[in-house]
Protein chains: 2
Amino acid sequence: MSPLPSGLLGDLDPTSDRAVFRQIADQLREAIDRGRFREGEKLPSEAELVEHYGVSRMTVRNSFAVLQGEGLVQAEHGKGVFVRPRPPVRRLASDRFARKHREQGKSAFLVEADAVGSHPQVDSLEVKEEKAGPDISARLGSVRRVLARRRRYLLDGRPVEFATSYLPLDIARGTPIAEPNPGPGGIYARLEELGHCLDHFEEEIRARMPSPDEVRTLRLASGVPVIHLIRTAFDTEGRAVEVCDTVMAADAYVLSYQLPAT
Amino acid sequence: MSPLPSGLLGDLDPTSDRAVFRQIADQLREAIDRGRFREGEKLPSEAELVEHYGVSRMTVRNSFAVLQGEGLVQAEHGKGVFVRPRPPVRRLASDRFARKHREQGKSAFLVEADAVGSHPQVDSLEVKEEKAGPDISARLGSVRRVLARRRRYLLDGRPVEFATSYLPLDIARGTPIAEPNPGPGGIYARLEELGHCLDHFEEEIRARMPSPDEVRTLRLASGVPVIHLIRTAFDTEGRAVEVCDTVMAADAYVLSYQLPAT
DNA sequence: CTTGCCCACTCGTCTATACGAGTAGGCGTG
DNA sequence: CACGCCTACTCGTATAGACGAGTGGGCAAG
């Protein structure tokens, strides 16, 4: 095993009270920030760093764990540890549900993906009636059972978003909304056709670390949080006609909103 | 050391191909989810789990590391590992910059905190002229130098948000905006007094893991992401008059927006 | 009673070792 | 040439042991 190029990484400061694995993590982080290791590039292997710093393997692994927790690097079994590439981001504009887009007939997700030249995909569609949880029930105005539409969105094969729409049964049952494919313009177009004229949406946004389930569904690397968005659609009578619960891979999204100053 | 109450945690499945430390993490996670360990409560110590499962200490520590990465628990040196308490959240409504609030004269942050009975605090205020970075410069329309206002917000002593406002020098220099305390209603009120009638705001939202710097400034527990919000204020002439770059502890916030359906 | 020390218990850091398992490339066999 | 095996290198998992450092309670000295 050839030694590391000198100058690439510094030495440890034995007098420092900063833990050795933190010092190593600091040096690697700085090297990444300075571009000495580029996106997708392989970092020195554990064995090389053990050699370079004269520490034990667990110490090196601890420093990698720090960087993984920060979402900076990701390990690939059998290959090495790589600088995590910044994936292309999806920008969600606040007018994405404007009627003008709906009237064009294509789903917002597909239109947008085509626009940036990505290959969009929707899978694991499930449409069924079920009991509403307390939160959903409260948002929809104390309904007991709801129609739930679950689907996962992928961009160029990568899962980026997992969403569930909940609708009161008295609105959705027996309509195209209860079909796997609700038709052009999506369920908002159908709602308007059914006489529920949409007035406005409310969106609640949180960010947190994913559950193990979400890690699996969205194939998330460690150190990647999720954005949890809960949207409620209101008709012109002030009734909540839909709640959409969305979990997004945070590294794939930038949300954008316009607020009036008045 | 007394053994763990039986039934609290299960046994390992040696035939499973799931790693032992993951099995332990799974059991602890489930116990937390089921409420067997409540918020703020202490989990069994490493030594107790070593005893209970008959594994080495590193294995137990690995399982704790998993849960810490998920933001579920946090370790306190010398005391134990505790279920992370969910801190009270600040809700940011999309009308928080509406003129009607501004005209009441108090800063949005202070009003809101008082309303929920928290003790608000603003510290580490820095106001200075500096060179604009490329991103800020682009958002403000190619200005070279800007006035930067940095401050940190605390709720009941806990830092929750760190924000920097950038304003073009031709707008801010020599005005109350360049003072540490810009006066009632904040800088948006001053901007309007100076003839820059505000028209709308644009907000961009991202979520990611914090840098070590942000961990220090916001005193973040491990496994807590940050929400990164960049707001641009536009006047009625369409000019960007301010950019505000905000980093928030994600576990302290819910953002809320209203979107028109038209 | 108060002070200060000590000790037991907690997690934090580090070493050394072992084996398992995924990857990729070389090399020999067919 | 094509296939499959072998091997070297990678990270993943687990053990065992050592010492450091923060916390809090008990206990003894003052």
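That block above? That's the structure.
The paragraphs below set out a description of the structure included in this document. (Residues numbered from 1 in each chain as written. Chains lettered and ligands numbered in written order. Predicted model: local features only at pLDDT ≥ 70, side-chain atom pairs only at ≥ 80, totals over all residues. Heavy atoms only, no water.)

This brings us to the packing of aromatic side chains. Under the criterion given, the structure shown has nine aromatic pairs over all chains. Ring centres 3.9 Å apart and planes at 5° place the aromatic pair Tyr257 of chain A and Tyr257 of chain B in the stacked group. One end of the pair, Tyr257 of chain A, is in strand β10 (residues 253–260); the other, Tyr257 of chain B, is in strand β10 (residues 253–260), on a second chain. In this pair, the class of Tyr257 of chain A matches that of Tyr257 of chain B, namely buried. Aromatic pair Phe97 of chain B and Phe201 of chain B: ring centres 5.3 Å apart, planes at 45°, arrangement tilted. (Phe/Tyr/Trp six-rings, centres within 6.5 Å; stacked < 30°, edge-to-face > 60°. Helix = DSSP H or I, 4+ residues; strand = E, 2+ residues; numbered from the N terminus. Buried < 20%, exposed > 50% of the residue type's maximum accessible area, 1.4 Å probe, protein only.)

Turning to the interface of chain A and chain B, a few remarks are in order. In this assembly, 39 residues from chain A lie in contact with 39 residues from chain B. Here chain A packs against chain B, burying approximately 3300 Å² in sum over the two surfaces, 59% of which is carbon and sulfur. The interface formed by chain A and chain B includes two salt bridges. Our count for the contact surface shared by chain A and chain B stands at 10 residue pairs in polar contact (both at pLDDT 80 or more). Of the residues belonging to the side of chain A that touches chain B, the class tally is 20 nonpolar, seven polar and 12 charged. Pairing analysis gives six bridges linking strand β7 (residues 198–208) of chain A to β10 of chain B, with the strands arranged antiparallel. Directly across from Glu204 of chain A, in β10 of chain B, lies its bridge partner Ser256 of chain B. (Contact = heavy atoms within 4.5 Å. Buried area = accessible area lost by both parts, 1.4 Å probe. Salt bridge = Lys/Arg side-chain N within 4 Å of Asp/Glu carboxyl O. Polar contact = N/O pair within 3.5 Å; in protein donor to acceptor, adjacent residues only side chain to side chain. Nonpolar A, V, L, I, M, F, W, Y, C, P; charged D, E, K, R; others polar. Pairing = 2+ DSSP bridges.)

In this section: the pairing of strand β2 (residues 80–83) of chain B. All names here are of chain B. Alternating positions in β2 separate into two faces, Gly80 and Phe82 on one and Val81 and Val83 on the other, with burial throughout. Pairing of strand β1 (residues 73–76) with β2 involves four bridges; the strand directions are antiparallel. The residue of β2 that forms the bridge with Val73 is Val83. Between β1 and β2, which pair antiparallel one after the other, the connecting turn spans three residues, and Gly78 there sits at a positive phi close to 85°.

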